[in-house]
Amino acid sequence: MNRALRPVLLVAVLVALAIAALYMKRSDVYLLTLCSVYLMATFGLNLTVGYAGQMSLGQAAFFGIGAYIAALALKAGWPFLVVLPVAAVACFCVGLALGFPALRVQHHYLAFATLGFNVLVFLIMRNEEKITGGTFGISGIPRPTILGVSTNGHVAFFYFTLASLVVLALVLWWLLRSPWGRAFAALRDNPIRAESLGVNITAYTLLAFAIGAACAGIGGVYYASLVEFIEPGPFHFSTSLMMLLAVIVGGSGRFFGPVLGTIIIILLPEVLRSSNLEALKFMQKWYLVFFGVAVVALMVWLPGGILSIADRFRKPPGSRK
Amino acid sequence: MSRAGEPFLEVNDVRKAYGAIKAVDGVSFRVSPGEIVGVIGPNGSGKTTLFNSILGQIKPTSGHVALRGEDITGMSPLELSRRGVGRTFQTLQVFGKLSVRDNLIAAAQEFRGSIASRLFAPPDAGLGEEAERMIALFRLQHVAHLEAGTLSYGQQKLIDIAMAFMRKPQLVLLDEPCAGVNPSLVEELRELLVTLNREQGGSFVVIEHNMDFIMRLCPHVICMVEGKVLAEGPPAAVQSNRQVLEAYLGN
Amino acid sequence: MGDFVQLIVSGTATGAIYALAALGFTLLWQAAGVINFAQGEFVMLPAFAMLFWIAMGAPLWLAFILSCAMSMLVLGYGFKVAIVDPLIKHGVIPLVIATLGLSIAVKSTIRAGYSAEAHPFASPFPAGQLSIAGINVSFADIGTLLLAGAIVVGLQAFLNRTVTGRAMQAVAQNTEAARVLGIDVRRMVLYVFLINALLAAVAALLITPTYLAKFDMGDSIGQKAFFAAIIGGFNQTRGALLGGVLIGVLENLVGFYISPAYKEGVALVLFLLVILFRPEGLLGKSEERKV
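Sequence order as written defines the numbering, with residues in each chain counted from 1. To label them, take the chains in the order written and letter them from A, then take the ligands in the order written and number them from 1. Local features in this predicted model are restricted to residues whose pLDDT is 70 or higher, and side-chain atom pairs enter the listing and the counts only when it is 80 or higher, whereas totals over whole chains, interfaces and linings include all residues. The basis for every side-chain value is the complete set of heavy atoms in the structure, and neither hydrogens nor water enter the calculation.

Caption draft 1: Molecular detail of the overall build of chain A. Helix and strand counts for chain A come out as 14 helices and 4 strands. Relative to a compact globule of 321 residues, whose C-alpha radius of gyration would be 20 Å, chain A shows 20 Å and is just as compact. Over its C-alpha atoms, taken along the principal directions, chain A stretches across nearly 60 × 45 × 40 Å. Each residue's exposure class comes from its accessible area (1.4 Å probe, protein chains only) as a fraction of the maximum for that residue type: buried when under 20%, exposed when over 50%, partly exposed otherwise. Classification of the 321 residues of chain A by burial places 56% in the buried group. Throughout, a residue-residue contact means that at least one pair of heavy atoms, one from each residue, lies within 4.5 Å. Long-range contacts, defined as pairs at least 24 residues apart, comprise 77% of the intrachain contacts of chain A with a sequence gap of at least 6. Summed over all atoms, the accessible surface of chain A reaches about 13400 Å², with 69% contributed by carbon and sulfur. Numbering of helices and strands runs from the N terminus, with a helix taken as a DSSP run of H or I at least four residues long and a strand as a DSSP run of E at least two residues long. Here the radius of gyration uses the C-alpha set of atoms, whereas the globule reference equals 2.2 Å times the residue count to the power 0.38. Accessible surface is estimated by sampling points in the Shrake-Rupley manner with a 1.4 Å probe; for residues, cover comes only from the protein chains shown.

Caption draft 2: Quick look at the overall build of chain C. A count of helices and strands for chain C gives 11 helices and 2 strands. The order of α-helices and β-strands along chain C, N terminus first, is α-α-α-α-β-β-α-α-α-α-α-α-α. Against the compact-globule benchmark of 19 Å for 291 residues, chain C has a radius of gyration of 19 Å, which places it among compact chains. Here chain C, with 291 residues, has 52% of them falling under the buried criterion.

Caption draft 3: Highlighting the layout of surface pockets. We place a 1 Å grid over just the protein atoms. Points where a 1.4 Å probe fits but has no way out form a cavity, open points with protein on both sides within 12 Å along at least 5 of 7 lines form a pocket, and any residue with an atom within 4 Å of a point lines it. Grid points are joined across faces, edges and corners, and a volume is the space filled by probe spheres set on the points. Quantified by volume, the second largest pocket comes out at close to 1100 Å³. Surrounding the second largest pocket, 28 residues form its lining, Ser238, Thr239, Met242 and Leu288 of chain A together with Arg111 of chain C being those nearest its centre. Counting residues per element, the ones that place at least two in the lining of the second largest pocket are helix 2 (26-51), helix 11 (237-251), helix 12 (257-274) and helix 13 (278-301) of chain A together with helix 4 (92-113) of chain C.

Caption draft 4: Seen up close, the packing of aromatic side chains. Residues and elements named next belong to chain A. Side-chain rings of Phe, Tyr and Trp (the six-membered ring for Trp) are treated as a pair once their centres are within 6.5 Å; stacked means planes under 30 degrees apart, edge-to-face means over 60, and tilted covers the remaining angles. In the structure shown here, the tally under the stated rule is 31 aromatic pairs over all chains. With centroids separated by 5.3 Å and ring planes inclined at 50°, the aromatic side chains of Phe63 and Tyr223 adopt a geometry described as tilted. With Phe63 in helix 3 (residues 59-75) and Tyr223 in helix 10 (residues 201-227), the pair connects residues that are 160 residues apart, well separated along the chain. For Tyr223, a relative accessible area of 9% puts it in the buried group. Judged by centre distance (6.2 Å) and plane angle (45°), the ring pair of Phe158 and Tyr159 falls under tilted. In this structure Tyr159 comes out as partly exposed when scored by relative accessible area, which is 31%.

Caption draft 5: Structural context of the interface of chain C and chain A. Facing 40 residues of chain C, the contacting portion of chain A comprises 39 residues. The term buried area refers to how much accessible surface (probe radius 1.4 Å) is lost by two components on association, counted for both of them together. Taking both sides of the interface into account, the surface hidden between chain C and chain A amounts to around 3600 Å²; carbon and sulfur atoms contribute 78%. Within the residue set of the side of chain C that touches chain A, elements represented by two or more residues are helix 1 (2-32), helix 3 (60-87), helix 4, helix 9 (217-232) and helix 11 (266-277) of chain C. Considering every element that reaches the side of chain C that touches chain A, the biggest residue donor is helix 4 of chain C, with 14 residues. Grouping the amino acids of the side of chain C that touches chain A by side-chain chemistry returns 30 nonpolar, 7 polar and 3 charged. Note on residue classes: Ala, Val, Leu, Ile, Met, Phe, Trp, Tyr, Cys and Pro are nonpolar, Asp, Glu, Lys and Arg are charged, and everything else, Gly too, is polar.

Caption draft 6: Local environment of unusual backbone geometry. All names here are of chain B. Unlike most non-glycine residues, Ala125 shows phi in positive territory, near 55°. Turning to its location among the elements, Ala125 is positioned in the loop between helix 4 (115-119) and helix 5 (128-137). Here Ala125 falls in the buried class, since its relative accessible area comes to 9%. Phi angles above zero are rare outside glycine, and Glu176 is one such case at about 50°. One can find Glu176 in the loop between strand 7 (171-175) and helix 7 (183-200). Residue Glu176 is classed as buried on the basis of its relative accessible area of 9%.

Caption draft 7: Focus on the interface of chain B and chain A. With 41 residues of chain B in contact, the opposing surface of chain A contributes 29 residues. Interface area, chain B with chain A, both sides summed: about 2800 Å², of which 60% is carbon and sulfur. Broken down residue by residue, the surface that chain B buries against chain A is led by Phe95, Ile115 and Leu119 of chain B, which jointly contribute 22%. For salt bridges, the criterion is a side-chain nitrogen of Lys or Arg within 4 Å of an Asp or Glu carboxyl oxygen. Our count for the chain B to chain A interface comes out at 2 salt bridges. Linking Asp102 of chain B and Arg182 of chain A is a salt bridge whose minimum nitrogen-to-oxygen distance equals 2.9 Å. Whenever a nitrogen or oxygen atom comes within 3.5 Å of another N or O atom, the pair is scored as a polar contact, on the condition that within protein one atom can donate a hydrogen and the other can accept it, and that pairs from neighbouring residues in sequence are kept only if both atoms are in side chains. The interface formed by chain B and chain A includes 14 residue pairs in polar contact (both at pLDDT 80 or more). Sorting the residues of the side of chain B that touches chain A by element identifies helix 2 (77-82), strand 6 (85-87), helix 3 (100-109), helix 4 and helix 6 (153-165) of chain B as the ones contributing at least two each. Examining the composition of the side of chain B that touches chain A, we find that 5 residues originate from one element, helix 3 of chain B, more than from any other.

Caption draft 8: Expanded view of the pairing of strand 1 (residues 129-132) of chain C. All names here are of chain C. Summarising the sheet, strand 1 and strand 2 (residues 135-138) pair through 4 bridges and their orientation is antiparallel. Opposite Gln129, over in strand 2, you have Ser138 as the bridge partner. Following strand 1, the chain reverses through 2 residues before pairing antiparallel with strand 2; Ala133 in that reversal takes a positive phi of roughly 50°. Whether two strands pair depends on DSSP finding at least two bridges between them.

Caption draft 9: Focus on the side chain of Gln39 of chain C. Residues and elements named next belong to chain C. Residue placement: Gln39 occurs in helix 2 (residues 39-55). There is a polar contact of 2.9 Å between the side chain of Gln39 and the side chain of Asn36. Excluding its chain neighbours within four sequence positions, the residues that come into contact with Gln39 are Ala21, Gly24, Phe25, Leu28 and Asn196.

Caption draft 10: The arrangement of empty space enclosed by the protein in detail. Summed over all chains, the structure comprises 5 cavities of 30 Å³ or more. Approximately 120 Å³ is the volume attributed to the largest cavity. Looking at the lining of the largest cavity, the elements with two or more residues in it are helix 11 of chain A together with helix 2, helix 4 and helix 9 of chain C. In terms of residue class, the lining of the largest cavity is built from 6 nonpolar, 6 polar and 3 charged.

Caption draft 11: Up close: the sheet that holds strand 1 (residues 9-18) of chain B. All names here are of chain B. Strands sit in the order 2-1-4-5 across an open sheet of 4 strands; the sheet is antiparallel. The sheet terminates laterally at strand 2 (21-31) and strand 5 (70-71), the two strands that pair on one side only. Bridge count for strand 1 against strand 2 is 8 bridges, and the pairing is antiparallel. When the bridges of strand 2 are listed, Leu9 appears paired with Val31.

Caption draft 12: Inspection of the pattern of salt bridges at higher detail. Residue and element names in this part refer to chain B. Counted by the stated rule, this structure contains 23 salt bridges over all chains. Close ionic contact of Arg101 with Glu132 constitutes a salt bridge, the shortest N to O distance being 2.7 Å. With Arg101 in helix 3 and Glu132 in helix 5, this residue pair connects regions lying 31 residues apart in the sequence. Among the charged side chains, a salt-bridge network with shared partners connects Asp13, Arg15, Asp25 and Lys228.

Caption draft 13: Focus on the environment of Pro123 of chain B. Assignment of secondary structure puts Pro123 of chain B in the loop between helix 4 and helix 5. For Pro123 of chain B, a relative accessible area of 36% puts it in the partly exposed group. Along the primary structure Pro123 of chain B and Asp212 of chain B are separated by 89 residues, whereas in three dimensions their C-alpha atoms are 42 Å apart. In this structure, Pro123 of chain B is in contact with Arg177, Ser178, Pro179 and Arg182 of chain A, ignoring residues within four places of it in sequence.

Caption draft 14: Spatial organisation of the packing of helix 3 of chain A against helix 10 of chain A. Residue and element names in this part refer to chain A. Between helix 3 and helix 10, the least distance of the axes is 6 Å, while the angle of their chain directions is 45°. With respect to their mutual orientation, helix 3 and helix 10 come out oblique. Considering how the two elements wind past one another, helix 3 and helix 10 form a crossing that is right-handed. Two secondary-structure elements touch here, helix 3 through Gln59, Phe62, Phe63, Gly66, Ala67, Ala70, Ala71 and Leu74 and helix 10 through Phe209, Gly212, Ala213, Ala216, Gly217, Gly219, Gly220, Val221, Tyr223, Ala224 and Ser225. Here the residues of the contact of helix 3 with helix 10 are counted per class, giving 12 nonpolar, 7 polar and no charged. In this analysis, axes come from line fits to C-alpha atoms, helices being fitted only over the stretch in contact, and the angle between any two N-to-C directions falls in the range 0 to 180 degrees. Reported orientations rely on four angle classes, namely roughly parallel under 35 degrees, roughly antiparallel over 145, roughly perpendicular from 65 to 115, and oblique for the rest. Left-handed describes a crossing whose near helix is turned anticlockwise from the far helix by less than a right angle; the clockwise case is right-handed.

What follows is the structure in structure tokens.
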């Protein structure tokens with residue numbers, strides 16, 4: 001595809017989505033909003049995993065921390081536009097605090113530390129009933145009023161979420177084009193060489209991880225507002241796993257990889273579930289089995305993710321030695 | 001070239017042992033500002049271990065390394081790079097998914113301003129022209145926008161070397177720059193290094209197996225055998241040294 | 001005091017089961033460079049296999065032996081040939097992702113194809129307990145300790161005393177050197193996969209009576225195995241044992257004296273303490289960076 005046409009196409013897709021939302025069922029708009037919310041987290045995770053090459057298995061914990069901060073603060077009457085940066089900064093700082101000890105040792109320790117962190121956060125959400133409501137959760141989370149405009153309606157909240165997602169994506173895009181993006185890629189491609197060229201690998205790894213965590217926190221704030229009721233379930237480690245797989249399956253290190261991946265993990269199972277066709281109902285039951293097998297097959301044949309199919313055709317033959 | 005005066009790099013009795021095996025066994029030498037020093041020796045004579053000990057990749061068992069009089073023994077590669085030390089590796093070490101141009105910019109951007117200021121710097125970190133200059137010098141124009149990982153071995157090797165020079169380091173350690181390079185390009189590589197030495201004025205230490213290359217490039221040569229310095233001096237003298245000949249022929 | 005001793009004993013028994021899973025995990029990492037995120041499912045599957053054979057009318061001991069054989073065939077040989085061999089050349093990360101996918105696929109197959117319920121599982125040991133000086137220890141704990149202990153001692157003896165065992169250790173420590181010495185590296189690596197599958201089947205026999213056979217029972221034991229391996233020292237088989245037992249005992253103590261709700265968090269806190277203060281693990285040796 002022509003590079004110059006891409007922004008035009010993107011705007012066209014966004015406008016089409018916005019118009020379509022006016023004519024869709026309420027539940028479908030909800031689903032699109034949910035996708036946009038998860039995309040905030042997976043876009044951030046793509047920076048950590050795809051661009052900086054760090055394994056993170058705790059994205060759902062940050063998603064949850066953002067959601068609980070939002071639930072408590074919004075119910076206490078804080079304005080949304082204050083809650084949002086507070087949640088982002090909180091997740092950023094927790095990310096730094098968690099990443100620092102893990103990165104003193106070895107690369108793959110970050111994966112284990114984030115996994116354990118997710119388990120611990122889940123336990124705290126479930127057990128500290130005084131704050132989090134335990135398994136009963138927190139209900140009655142208000143939707144925000146932004147600059148005097150209420151987002152209570154499902155379409156209004158979708159527009160607000162979609163617009164926020166676009167802003168977040170633009171910020172990430174700008175960040176990845178800055179020298180930081182280059183340093184992240186250097187870190188991913190060859191940390192030892194990077195260090196010999198003055199790249200502070202500890203600092204950049206922490207930054208990549210904490211930025212990803214902050215994006216998840218932002219996603220969590222929108223999630224709390226969207227569902228209006230939160231409990232620990234959605235922030236279980238298995239969600240982190242699905243988010244990571246969404247990034248990898250779509251194509252890690254490709255800007256729009258998470259879009260495809262998130263559609264596969266969020267939208268597809270819902271479409272199967274709500275379908276009336278017997279064949280699709282069968283698929284719904286076995287969806288995760290297919291998904292798991294597909295992940296294994298993808299790693300064997302296409303480790304770069306689905307979007308890397310394009311490279312297969314683009315690469316000039318015999319360009320390697 | 002005269003070897004008098006204040007040394008730029010001073011390696012003093014460096015040792016590195018792995019259990020009973022003495023990989024580097026008491027090596028001392030000095031490098032003057034702007035000098036090109038060659039290090040030769042048979043395989044397994046401890047050259048790369050010596051490099052890694054100087055460059056902070058491994059900690060020497062004992063001994064000292066001083067740069068401009070400052071003790072840099074055991075400093076991390078990051079700290080050394082900030083003191084103006086650059087290197088190339090024996091094996092290919094480029095950033096495979098970045099373009100050649102981005103590889104070169106990545107090699108120098110971290111020395112411009114603080115981390116925070118680089119976030120708001122222009123995408124090329126103000127190094128675009130410098131990168132183009134280096135690309136022209138290494139004749140990589142036709143591949144400048146391709147992913148480095150997709151290029152041929154020889155091209156990646158050139159990128160690797162160009163990266164080490166992007167930020168005009170005061171000391172560069174090159175580990176076998178000719179290995180795997182097409183013989184027809186070796187002379188070109190030598191000329192490139194001479195040009196860089198003249199224009200940038202840094203000191204080089206070069207490990208190399210290609211005798212012809214090192215004899216023509218380096219006014220001062222060190223020969224290492226079994227972890228020790230066997231002979232040192234101008235290339236002709238080292239080449240005709242009886243012990244050196246024996247060490248090579250006996251191998 | 002009686003409580004305390006009882007907690008220690010039963011914690012050691014649980015920890016010994018973690019240690020079995022962790023041991024296989026460590027061996028796989030050492031010999032084949034594989035981080036197996038499906039390790040928990042490797043314990044869950046034999047549990048269901050045993051239930052299957054019992055339902056077919058086999059006594060527990062026969063069901064166990066048949067399941068061990070199945071486990072070694074499918075989770076040992078099959079896993080190596082179908083997943084690890086084609087993927088190892090891509091590096092660690094794609095393989096890790098593939099084992100994550102495998103874990104999801106296996107769990108979901110049991111859930112969708114068989115049952116989402118927890119199934120009771122008969123203990124191989126008699127009910128009841130032994131009372132000595134006012135301290136009660138269940139036969140199950142004693143039996144677990146004896147069996148797990150016998151397996152570990154047997155494995156160590158095999159690794160240290162036999163030619164094959166030593167060859168396997170050589171492969172784990174330095175694959176290239178082992179190859180130069182004429183050791184059949186491929187065969188040794190295969191043995192490691194078989195041993196891992198066997199250890200997982202034994203862990204299944206011991207842990208399922210308390211955990212119950214459920215499609216997601218592997219989540220918890222898989223995580224404990226990772227953390228036990230790291231706490232003890234990733235490059236040491238003895239480390240996995242220490243890490244496993246430590247987690248088992250401390251979980252019991254935390255569950256009793258602090259709060260049962262935070263039992264599951266013990267492994268993580270231990271892990272964070274270890275990487276803060278002794279990053280190479282309690283028994284591990286630090287490795288120099290490779291260039």
